[in-house]
Protein chains: 2
Amino acid sequence: MVDKVNRMAKRQFSNLSASIVATLKERIIHWQYPPEHRLTEAELCQKFSVSRSPVREALRTLATDGFLKKMPNRGYAVKQYNFHEIEELYEVRLALELYVVECLAKRGTAKKDDVDALKRTWTSLLNDSSKKDEALARLDTLFHETLAHAAGNKSLLRHLHAINERLLLFRMIDFGKAHRAERTCHQHLEILKRIAAKDVAGARKAMQQNIEEGRNNVHAAIKDALARAYSF
Amino acid sequence: MVDKVNRMAKRQFSNLSASIVATLKERIIHWQYPPEHRLTEAELCQKFSVSRSPVREALRTLATDGFLKKMPNRGYAVKQYNFHEIEELYEVRLALELYVVECLAKRGTAKKDDVDALKRTWTSLLNDSSKKDEALARLDTLFHETLAHAAGNKSLLRHLHAINERLLLFRMIDFGKAHRAERTCHQHLEILKRIAAKDVAGARKAMQQNIEEGRNNVHAAIKDALARAYSF
DNA sequence: GTACTCTAGATTGTATACAATCTGACCCAT
DNA sequence: ATGGGTCAGATTGTATACAATCTAGAGTAC
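Here's a quick rundown of the structure.

Quick notes on the rules
Residues numbered from 1 in each chain as written. Chains lettered and ligands numbered in written order. Predicted model: local features only at pLDDT ≥ 70, side-chain atom pairs only at ≥ 80, totals over all residues. Pairing = 2+ DSSP bridges. Helix = DSSP H or I, 4+ residues; strand = E, 2+ residues; numbered from the N terminus. Near = placed C-beta within 6 Å. Nonpolar A, V, L, I, M, F, W, Y, C, P; charged D, E, K, R; others polar. Least-squares fit on C-alpha atoms with pLDDT ≥ 70 in both. Contact = placed C-beta atoms within 7 Å. Axes fitted to C-alpha atoms, helices over the stretch in contact; angles between N-to-C directions. Parallel < 35°, antiparallel > 145°, perpendicular 65-115°, else oblique. Left-handed = near helix turned anticlockwise from the far one by under 90°.

Turning to the sheet that holds strand 1 (residues 38-39) of chain B, a few remarks are in order. All names here are of chain B. Across the sheet, 3 strands lie side by side as 1-3-2; this open sheet has antiparallel pairing. Looking at which strands have only one partner, the edges of the open sheet turn out to be strand 1 and strand 2 (68-70). With 2 bridges connecting them, strand 1 and strand 3 (residues 76-78) associate as antiparallel partners. Bridging from a neighbouring strand, Leu39 pairs with Tyr76 of strand 3.

This is how it looks when you write it as structure tokens:
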């Protein structure tokens, strides 16, 4: 395992801390660490067979990105998001993305190629039930970030991307629900249609519906999971 | 100077890199370094008489916060924002803050105390021309962040705060313009009034006007400055 | 004069040792 | 039993040495 990580590091990343960040992010997103699991510098040094310098940098990065939380003098822990925090993230998405569709619907769409590609993708997904939750979650993220990119504001895209990284985990839950994939296809196509029709209010409404349905699904799913966990 | 920084470090900050971050941020905001000025680890080690470890951390932090840009193998440089990037920052503000006032205007305002305090502050500022640009810029920032805080979304507030830190410099330019302080007072009071009246559309409009006027002022000021700089 | 190569210096990346600080548990006194 | 004090271990903070890599300029061949 250690060797694998190190080889990957040399090929894909410019330095060790970048590869550690990527590896840990991957593991956290896939729940390979339980929430609140503690990670210390010394422990990770051993696991990755590197010195503390790159590990320190990686932990700091992950903490500022919201994957870990720093506990002064007690190391770092995998951040567990509660109900309220998740809703907050969805709300920030809403704020940013309502603005994005408003921009796109107002001006005639630049980057028409990208938007057309989205239309094709999500039209074809309508009759394709082969995709797994994670694949759908990533495609969904891509849909929303492509729109932001088309709106042309790099700073906004960066903020949105930061949020989406943390939400991938919950998008996967979302797409676990029955018929969610199909509904998402319709909602996404509706958004694109309203943008093309320069219908600002309609585009906003469609986007709001799409995001809030996701939020509600996640909310319900977590509630269920907690109820089951505490029912023993 | 070195001693001063170190003493400050021990009192106010838990570690050296935090104090270096604060010091450099301060200097950058006040234009004590020319834009694109290069900063290297070794140089800062000398200036602050500390080792590379805290300096490295500080530089990384400032780079992710957008105060510095990293130039691979050539050190760091004070980030110079161009027209387009500044407009992007103002746009992200707009997206977030339109959402904030919408929230506040919809529900009856929680945190009424904070909002009332804002009203008092900006009413009294109407007839007070004693404040300097920087003081006004900071009060303006506080106004907008207090609203975000009242809306109750911590994540949104964090994103907004990150943007505002980078914009302080430009807010100072904004308030350099004649009558801008007075106009801002009226605009802020208008926003508060619309929120209190639960007039969602009016509150959004008032906020949009406030932010876009700021953006336009900064835009014009920079254009002038550049024109003067290139007129020789 | 131009383009190419090579090298010295600059710069960051990594490892490691040591210092400072906090935590939590054990022990003792009451 | 309970409260407080003390100490060992855990953990991060800082300094420093060395390695790897890139840059830019000098020098040379054409």
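Gly75(A), Asn15(B), Leu16(B), Val50(B) and Ser51(B) are the nearest of the 17 residues found near DNA strand D. For the surface near DNA strand D, the secondary-structure elements that each account for two or more residues are helix 3 (41-48) of chain A together with helix 2 (16-29) and helix 4 (52-64) of chain B. Element by element, the count of residues in the surface near DNA strand D is highest for helix 4 of chain B, at 3 residues. For the surface near DNA strand D, the per-class residue count stands at 5 nonpolar, 8 polar and 4 charged.

Each copy superposes on the other: chain B lies on chain A with an RMSD of 0.0 Å after a rotation of 180° and an axial shift of 0.1 Å. Expressed as an axis order, the relation between the two copies is that of a two-fold axis. With an isologous cut-off of 70% or more, the 100% of interface residues of chain B that recur at the interface of chain A puts this contact in the isologous class.

Before going further, it helps to spend a moment on the packing of helix 6 (residues 112-125) of chain B against helix 9 (residues 180-196) of chain B. All names here are of chain B. Close contact between helix 6 and helix 9 brings their axes to 9 Å; oriented N to C, the two are set at 155°. Judged by the angle between their axes, helix 6 and helix 9 are roughly antiparallel. For helix 6 against helix 9, the interelement crossing comes out left-handed. Note on element contacts: helix 9 touches helix 6 through Cys185, His188, Leu189 and Leu192, opposite Val115, Leu118, Lys119, Trp122, Thr123 and Leu125. Split by residue class, the contact of helix 6 with helix 9 holds 7 nonpolar, 2 polar and 1 charged.

Moving on, we come to the interface of chain B and chain A. If you look at the interface, chain B gives 14 residues, while chain A gives 14 residues. Mapped by element, the contributors of at least two residues to the side of chain B that touches chain A are helix 5 (83-106) and helix 8 (154-174) of chain B. Among the elements that take part in the side of chain B that touches chain A, helix 5 of chain B stands out by supplying 8 residues, more than any other. Among the residues forming the side of chain B that touches chain A, the class breakdown is 7 nonpolar, 4 polar and 3 charged.

Function-wise, these values are silent; they only describe arrangement.
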